Amino acid sequence: MEIVDLLLKRFDGESELRKPASALVSFSHLETGKKLARLTYQIAMARTERSSLTLLYFLDQRQELLPQDEISVTQSKIGSDFIPKTEKGKITFRTFISDQENHPAEIMRMAAEQGCNLVLRGISCEELHIRQIEQYSLLRRDPANPVTAILAQFPKEQAVILQELTVMMGQNKVPTALFVDNGMQEANHIFLPVLGKSDVHTFTYLYHLAQQEQAEIMVWDAIGIIETEPKLQKLYQFIVKKSDGRVHLWDNDRKIEESFIRKQDLMMIGVEGWSRLTNTPLPWKEQLPSLLIIKDNNT
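Residues numbered from 1 in each chain as written. Predicted model: local features only at pLDDT ≥ 70, side-chain atom pairs only at ≥ 80, totals over all residues. Heavy atoms only, no water.

Enquirer: Mind showing me how you'd approach the sheet that holds strand β6 (residues 189–194) here?
Expert: Sheets are built from strands paired through backbone hydrogen bonds, the pairs being either parallel or antiparallel. Sheet architecture is open: 10 strands sit in the order β3-β2-β1-β4-β5-β10-β9-β6-β7-β8, paired in mixed fashion. Two strands lie at the open edges of the sheet, namely β3 (92–98) and β8 (247–249), each paired on one side alone. Across the sheet, the mean angle separating the axes of adjacent strands is 20° when strand polarity is ignored. In this structure, β6 lies alongside strand β9 (residues 266–270), joined through two bridges in parallel fashion. Its bridge partner being in β9, Ile190 is matched across the sheet by Leu266. Helix α7 (residues 156–171) rests against β4 (118–124), β5 (176–181) and β10 (290–295) of the sheet, and its axis sits at about 150° to β5. (Pairing = 2+ DSSP bridges. Helix = DSSP H or I, 4+ residues; strand = E, 2+ residues; numbered from the N terminus. Axes fitted to C-alpha atoms, helices over the stretch in contact; angles between N-to-C directions. Contact = heavy atoms within 4.5 Å.)

Structure follows, in structure tokens:
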């Protein structure tokens, strides 16, 4: 089934969009985890009843394993800090602390155990900078570049994370996202580029974001697919109508300025769009805000 037809089916009557969500959020930095947990509410949990959020906190391998009483205190602190007060009691909330070195295996095991239908991994800019992810993605575009040779070009700690993310994004059987925290405080101003046909799967998350009263979302249809694909145009107009003026379409006659990008809190993009963006010389890429790259299980 083509991606647009799949989306139409998903949006039909909105019943699919309002099914309970079960999300796994994993992270190694508490502040990044907090931001990603709250972002997950915005992009996936239009219906909180019977939804669940599982938080998986990976301890830094340079730390000693926390004693059980400290683990309990940390779990309690995560629970009190991460959940918006308005959502407490509405969803099932679980916290796990792990010292496992094989993060992708632990993420996949936990996702299967908890029955998750969305997996998200949070990375702070101290762990891995957006420019490093861009460089890695660009090198991966050339199949002649062996992964081992590519990873050898990065510092050891960053190479380990890049390898983990490659495994996670490639092997998960459910929608999977990478969040790179580049100083985001609130996810209010959001930039959503569409650079490939499969990127339109992000419209599912656009729909949820558009329900947030504080959101201001700009969609950049770089390939003109909304205008030329009647089914998608109908779908987009449906989202706009539901957004109460919070979703806008970028005028392609205008140049995207660095000043506009600097005002954004988050760029949300599909994996195809991210791959194409890394291969496109655009001055404003130097100003990218925090980043959410989403891979749908149907793309």
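Enquirer: Before we go on, may I ask you to explain the nonpolar core in this structure?
Expert: If you look at the biggest cluster of nonpolar residues, it comprises 53 residues, and the most contacted ones within it are Leu53, Phe203 and Leu292. Considering every element that reaches this core, the biggest residue donor is helix α2 (residues 30–44), with six residues. Setting aside residues up to four positions removed in sequence, Phe203 forms contacts with Phe11, Leu192, Val194, Ile226, Leu232, Tyr236 and Ile239. In terms of nonpolar packing, the next biggest core, distinct from the first, is built from 41 residues, Cys116, Ile161, Met169 and Met267 among them. (Core = buried A, V, L, I, M, F, W, Y, C linked by side-chain atoms within 4.5 Å. Buried < 20%, exposed > 50% of the residue type's maximum accessible area, 1.4 Å probe, protein only.)

Enquirer: Would you mind going over the packing of helix α1 (residues 3–11) against helix α10 (residues 230–243) with me for this structure?
Expert: For any two helices packed against each other, the geometry comes down to the angle between their axes and how far apart the axes lie. Running from N to C, α1 and α10 point in directions that differ by 35°, and their axes come no closer than 10 Å. Along this stretch, α1 crosses α10, giving a crossing that reads as left-handed. Residues Val4, Asp5, Leu7, Leu8 and Phe11 of α1 form the contact with α10, whose own contacting residues are Lys231, Leu232, Leu235, Phe238 and Ile239. Residue composition of the contact of α1 with α10, grouped by class: eight nonpolar, no polar and two charged. (Left-handed = near helix turned anticlockwise from the far one by under 90°. Nonpolar A, V, L, I, M, F, W, Y, C, P; charged D, E, K, R; others polar.)

Enquirer: Which parts of the structure should I look at to understand the environment of Ile217?
Expert: Inspection of the secondary structure puts Ile217 in strand β7 (residues 216–221). For Ile217, a relative accessible area of 1% translates into the label buried. For the pair Ile217 and Leu206, spaced 11 residues apart in sequence, the C-alpha to C-alpha distance is 8.3 Å. Residues within four places of Ile217 in sequence aside, it is in contact with Ile190, Leu206, Leu209, Ala210, Arg246, Val247 and His248.

Enquirer: For this particular structure, what's the right way to read the pattern of salt bridges?
Expert: Pairs can form between side chains of opposite charge once their charged atoms are near each other. Overall, the coordinates contain nine salt bridges when judged by the stated rule. With a shortest N-O distance of 2.8 Å, Glu113 and Arg109 are connected by a salt bridge. Of the two residues, Glu113 and Arg109 are both situated in helix α4 (residues 103–114); the distance of four residues between them amounts to about one turn of the helix. Here Glu164 makes a salt bridge to Arg121, at a shortest N to O gap of 4.0 Å. Remark: Arg121 occurs in strand β4 and Glu164 occurs in helix α7; sequence separation between them is 43 residues. Each member of the pair, Glu164 as well as Arg121, carries the same accessibility label: buried. By sharing partners, the salt bridges in this structure join Glu106, Arg109 and Glu113 into a single network. (Salt bridge = Lys/Arg side-chain N within 4 Å of Asp/Glu carboxyl O.)

Enquirer: Please explain α7 as it appears in this structure.
Expert: Since the α-helix advances by 3.6 residues per turn, residues separated by three or four positions end up pointing in the same direction. Here α7 spans 23 Å end to end across 16 residues, near enough to the 22 Å set by a 1.5 Å rise per residue. Considered for burial, the residues of α7 that qualify are Gln158, Ala159, Ile161, Leu162, Glu164, Leu165, Met168 and Met169. (Expected span 1.5 Å × (residues − 1).)

Enquirer: I tried to follow the environment of Gly245 on my own but got confused; where do I start?
Expert: Residue position: Gly245 is located in the loop between α10 and β8. When its relative accessible area of 46% is taken as the criterion, Gly245 is described as partly exposed. Residues Gly245 and Ala215 lie 30 residues apart in sequence; the distance between their C-alpha atoms is 9.7 Å.

Enquirer: Would you mind showing me how to read the pairing of strand β1 (residues 22–27) here?
Expert: Note on strand geometry: in a regular strand, side chains alternate between the two faces of the sheet. The buried fraction of β1 is high, at six of six residues. Burial of the side chains of β1 extends over both faces: Ser22, Leu24 and Ser26 are buried on one face and Ala23, Val25 and Phe27 on the other. Across four bridges, the pairing between β1 and β4 is parallel. What sits directly across from Val25, in β4, is Leu120.

Enquirer: Sorry, what's going on with the pairing of β10 here?
Expert: Of all the six residues making up β10, five are buried; the element is thus mostly covered by neighbouring parts of the structure. Relative to β10, β5 is paired through five bridges, and the arrangement is antiparallel. The partner of Phe179 across the bridge, within β10, is Leu292. Here β9 pairs with β10 via five bridges, running parallel. Residue pairing across strands places Gly270 opposite Ile294, the latter belonging to β10. In this fold, β9 hands off to helix α12 (residues 271–278), which returns the chain to β10; that crossover is right-handed. (Right-handed = clockwise from strand over helix to strand, strands pointing away.)

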